[in-house]
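# Reading the structure
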Amino acid sequence: MGQYRVHVFVCTGGDTCPTQGDVEGFVTHLRGEVARAGLKDDVRINKAGCFSQCGHGPMMVVYPDNVWYCGVQESDLRDIFESHIVAGKPVARLQYAPGVKGANKKKGAK
Ligand code: FES
């Protein structure tokens, strides 16, 4: 068992995801939701560097479920927070399923 029940990583450090959405704002928003819900001991929201999935973003990963989200927009954060982070039910419509293991950058993405 890890230090947190849910550990979320938002790609803020790469060259592409930050151009596809306000990923710094996603982190701020989710951290606020965690604090308001009194979940700071259970849930950690971290900024992360590139996941080598550039062009599919904004990308986010939720552990220990190992659920990857792609194309996340601000309007999706409520579902991710309420359904997945709080209730443990991943948001199927946002799940990333490229069908290949490892790096999967879109052509032209940095
Ligand atoms: S910049 Fe986000 S996966 Fe590469």
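Residues numbered from 1 in each chain as written. Predicted model: local features only at pLDDT ≥ 70, side-chain atom pairs only at ≥ 80, totals over all residues. Heavy atoms only, no water.

A few words on the environment of glutamate 24. By the secondary structure assignment, glutamate 24 is in helix 2 (residues 23–36). You can call glutamate 24 partly exposed: its relative accessible area is 37%. Sequence spacing of glutamate 24 and glycine 14 is 10 residues, and the spatial spacing of their C-alpha atoms is 12 Å. Not counting residues up to four positions away in its chain, the partners in contact with glutamate 24 are Thr12 and Lys47. Polar side-chain contacts of glutamate 24 include one of 2.8 Å to the side chain of lysine 47. (Helix = DSSP H or I, 4+ residues; strand = E, 2+ residues; numbered from the N terminus. Buried < 20%, exposed > 50% of the residue type's maximum accessible area, 1.4 Å probe, protein only. Contact = heavy atoms within 4.5 Å. Polar contact = N/O pair within 3.5 Å; in protein donor to acceptor, adjacent residues only side chain to side chain.)

Attention shifts here to the side chain of threonine 16. Assignment of secondary structure puts threonine 16 in the loop between strand 1 (6–11) and helix 1 (17–20). For threonine 16, the residues in contact, after removing those within four places along its chain, are Cys54, Gly55, Ala109 and Lys110.

Okay, the side chain of asparagine 46 next. Inspection of the secondary structure puts asparagine 46 in strand 2 (residues 43–48). A relative accessible area of 18% means that asparagine 46 is categorised as buried. Within the local environment of asparagine 46, its side chain forms a polar contact with the side chain of histidine 7, the two groups lying 2.6 Å apart. At a separation of 3.4 Å, a polar atom in the side chain of asparagine 46 contacts the side chain of arginine 44. With sequence-adjacent residues up to four places away left out, asparagine 46 is seen in contact with His7, Val8, Phe9, Val10 and Arg31.

What follows concerns the sheet that holds strand 2. Strand order across the open sheet formed by four strands is 2-1-3-4, with mixed pairing between neighbours. Only two strands of the sheet have a single partner each, and these edge strands are strand 2 and strand 4 (67–69). The average angle at which neighbouring strand axes cross in this sheet is 20 degrees, direction not considered. Relative to strand 2, strand 1 is paired through six bridges, and the arrangement is parallel. (Pairing = 2+ DSSP bridges. Axes fitted to C-alpha atoms, helices over the stretch in contact; angles between N-to-C directions.)

By themselves, these observations are geometric and do not establish any function.
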